[in-house]
Every structure is written in structure tokens, then in C-alpha cells.
Amino acid sequence: MPDKALIRTLVEAWGPSGYEYQVRALIQKEVQNLADEIRTDAGGNLICRMGSGGKKIMIAAHMDEIGFIIHHIDPQGFARFSMIGGLFSSTLNGGRVKLENGMIGVIGLDGEPNPYRTGTATLGDFFLDFTGAGASERVQVGDVGAMWRSMDVQGSRVIAKSLDDRIGCVVAIEAMRRLKGVALSNTLYFVFTTQEEVGIRGARVSAFGIAPDMAIALDVTPTDDIPKARNASVKIGKGAAIKAMDAGHIVPPAVRDLMIKRAESAGIPYQIDVMTIGTTDAAAIQMTGSGIPSGAISIPSRYVHTTSEMVDLDDVEACVKLLIEVVEKPLEAV
Ligand code: CO
Ligand code: ZN
């Protein structure tokens with residue numbers, strides 16, 4: 001089963017888009033003895049090669065998380081912010097933000113008339129409260145923060161911030177651990193990417209540098225299995241989600257069908273992922289160079305982009321197994 005201690009280490013780490021260095025250092029320590037070659041490119045992506053020969057397969061999981069950048073601070077210590085990635089106003093009030101130096105701020109909402117009560121709050125109505133900070137720790141314009149909350153486990157469910165996409169990073173690391181010492185048919189590039197949440201930027205440049213024959217993104221996908229959900233392409237606890245399409249990416253049928261075939265022959269529970277909002281690193285990779293066939297293995301997740309994202313460890317395990325099935329054997333033409 002997936003390593004819960006590793007999940008905790010990564011989800012509780014600090015790393016909004018463009019500031020992934022702390023997460024990268026933690027991952028580098030984990031994979032140091034697993035990869036044949038490790039480098040960090042100019043885009044900040046951590047690129048880990050395993051094996052040689054066969055086809056080049058890139059596996060991408062993003063290190064960054066959504067966050068905040070301060071653009072105004074008043075003398076009392078109330079700060080206004082712009083968002084890094086997709087923040088939703090309905091999820092913010094009363095939350096906590098952690099700055100790069102570890103300082104904690106509370107997310108508050110303008111007073112009278114209180115837009116929270118009328119349901120009209122927009123991001124501009126929120127502020128960060130650093131009024132307890134002393135003069136020496138004064139917050140500056142340009143300081144960057146991430147949401148803060150510690151991880152909880154309930155049965156087979158993990159509840160945490162930043163499972164988007166540190167759980168994808170965990171799937172990649174787990175696969176690397178299990179592939180260590182295995183005679184590989186392909187050259188695998190496990191890439192821990194930067195700046196996904198602000199426009200799939202790290203994946204684009206790292207894919208250009210690697211020029212893989214095929215790529216697989218590992219990322220969360222929202223589930224539609226909560227009360228009053230209208231439709232249900234993906235359910236939590238029902239297995240690895242093989243992407244067919246999202247808002248930025250149509251998976252080539254050959255890639256999707258290869259994944260389905262490998263899941264079925266190995267008896268791995270799977271479901272088909274059709275995501276109507278958002279996309280993954282695969283969307284950038286497929287448009288790199290003269291085009292790279294790309295697919296995605298999605299980890300079903302509830303409450304994406306909140307501090308209480310939820311995944312099921314059985315699904316995570318299914319994703320690890322499916323990834324290994326797809327990348328360790330010779331590729332059929334895709
Ligand atoms: Co996201
Ligand atoms: Zn993501």
C-alpha cells in the first residue's frame with residue numbers, strides 16, 4: 001500500500017507555483033537512490049531517469065500547489081492578495097495561509113455589509129490577517145503563501161491540502177521504488193513538474209527537453225459521487241481513473257485503450273475519466289515539439305482545491321499498479 005508517512009511529508013510541505021523548491025528537495029531525497037540520473041532543468045522541474053533503451057516515456061506529476069501573493073499590506077497588518085492558481089471564494093473564509101518564512105495568516109472577509117452572508121463574496125472581499133506579527137516579521141508586497149492545514153486519515157481515506165498533486169508525486173515515487181532493480185523495456189523519465197496550477201508551464205519545457213515518445217500525467221480528478229451530484233464519471237474508491245478527455249486534452253484512443261488493456265489484463269480496478277473543468281500536464285506535453293501522444297492516470301479526489309481534498313488509498317494503489325503495468329513492458333504503437 002502507499003506510504004502514508006511519505007504522503008504526509010509531501011502534502012504538508014510548502015510549495016505554491018513558482019516556489020516548489022522545498023517540495024523538490026524532499027522528493028529528491030526520496031528518489032536519490034532510485035534513479036539512474038537526476039537533474040533539475042531551468043524550469044525547476046526535477047527530472048529522474050530510470051533505465052535506457054526502448055521508447056522514452058515521460059511521467060509527469062506536479063509539485064506546485066495553489067496559493068496567494070500579497071499585493072497590498074496596511075499598517076495594521078491586513079494584506080490583500082492575488083491568487084496563484086484557482087482559488088474559490090466559497091472555500092476561503094476562516095482558512096489559514098502559510099508564508100515562505102512559516103508565518104501564519106488567517107483569511108478574513110470584509111465586514112459590513114458582509115458579502116459572505118449574501119453569497120456574493122469575490123476574492124477582492126478577502127484579506128489576510130497578519131496583525132499579530134511584530135515589526136521585524138512585517139509582511140512585504142510580493143510575499144507568497146500557500147493554504148495551511150495538517151493531514152488526517154479516516155479509514156482508507158486521506159484528507160489533506162495539496163493532494164492536488166502531491167498524491168500524483170507519491171504515485172510516481174511508489175512506482176519508482178517498485179521498479180528499482182527491474183529490467184525495464186523503456187527509458188522512463190519521472191518528472192516532478194512546476195507551475196501546473198498557473199498554466200501547465202513546467203511540463204511544457206521539461207517535455208521539450210526530454211522529447212519523449214509518449215507521456216502520462218498523474219493528477220487528481222474531481223468525483224461526482226457526493227450528495228445531489230448530477231452525473232458520475234468517476235467515484236472515489238472505484239479504482240484508477242483512465243482519462244478519456246478533459247477541458248484541455250483529448251487522449252488519443254490508442255493511449256487510452258493501451259491503459260485499459262493493461263488494467264484489465266492485470267486485474268486492476270479502473271474507471272474512465274471525463275473531466276469537464278480543468279486539465280493536466282498532459283495537455284501541455286501533447287502540444288510540445290511536433291506532438292507527443294499523451295494520456296493521464298487520474299486519482300479520484302473530492303473537494304479539489306480546498307484544504308480538505310480527499311482520496312482513497314485503494315485508488316492510489318490502483319494508480320501505482322496501473323502506471324507500472326503501462327510503463328515497464330514494451331509499448332505497442334501509440
Ligand atoms: Co489543481
Ligand atoms: Zn493538479
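Going by the structure above, here's the rest.
The structure presented is a predicted model; accordingly, all values stated were derived computationally and were not measured.

Together, M245, I250, I272 and V274 line one region of the surface with nonpolar side chains, adding up to about 340 Å² of accessible area. Topologically, V274 is positioned in strand β16 (residues 270-274).

Turning our eyes to something else, we now look at the coordination of the zinc ion (ligand 2). Taken together, H62 (NE2), D164 (OD), D219 (OD) and D219 (OD) make up the protein donors of the zinc ion (ligand 2), found 1.9 to 2.5 Å from the metal. Taken together, the 4 donor atoms coordinating the zinc ion (ligand 2) and their angles of 53 to 147° define a geometry best described as irregular. The sequence pattern describing where the donors of the zinc ion (ligand 2) fall on their chain is H-x101-D-x54-D. Separating the zinc ion (ligand 2) and the cobalt ion (ligand 1) is a distance of 3.3 Å, and D164 donates to both of them. Here H62, found in strand β3 (residues 56-62), pairs with D164, found in helix α4 (residues 163-179); they are 102 residues apart in sequence, far enough to count as distant. For the residue pair H62 and D164, the accessibility class agrees, reading buried in each case.

All right, on to the environment of G145 then. With respect to the helices, strands and loops of the structure, G145 is situated in strand β9 (residues 144-147). Its relative accessible area of 1% is what places G145 among the buried residues. Residues G145 and D224, spaced 79 residues apart in sequence, show a C-alpha to C-alpha distance of 30 Å. In contact with G145, other than residues within four places in its own chain, are W14, P16, G67, F68, V97, K98 and L99.

What counts and how
Each chain carries its own residue numbering, running from 1 in the direction its sequence is written. Note on labels: chains are lettered from A, ligands numbered from 1, in written order. Only residues with pLDDT of at least 70 are given local features in this predicted model, and only at 80 or more are side-chain atom pairs given and counted; all residues enter the totals for whole chains, interfaces and linings. Hydrogens and water are ignored here; the side-chain numbers use all heavy atoms of the structure. A patch consists of residues exposed above 30% relative accessible area that lack any salt bridge, with like charges linked at up to 9 Å and nonpolar side chains (Val, Leu, Ile, Met, Phe, Trp, Tyr) linked at up to 5 Å. Here, Shrake-Rupley sampling with a 1.4 Å probe gives the accessible areas, and only protein chains in the shown set may cover a residue. The salt bridge definition used is simple: a Lys or Arg side-chain nitrogen within 4 Å of an Asp or Glu carboxyl oxygen. A run of DSSP states H or I qualifies as a helix once it reaches four residues; a run of E qualifies as a strand once it reaches two. Both are numbered from the N-terminal end. Donor atoms: N, O and S within 2.8 Å of the metal, or within 3.2 Å for Na, K and Ca. Because water is excluded, sites can look incomplete. For a four-donor site, all angles between 85 and 135 degrees give tetrahedral; for four or six donors, opposite pairs above 155 degrees with the remaining angles between 65 and 115 give square planar or octahedral; all remaining cases count as irregular. Per-residue accessibility, obtained with a 1.4 Å probe over protein chains only, is compared with the maximum for each type, and a residue is labelled buried under 20%, exposed over 50%, and partly exposed between these values. The contact rule is simple, with two residues in contact once any of their heavy atoms fall within 4.5 Å.

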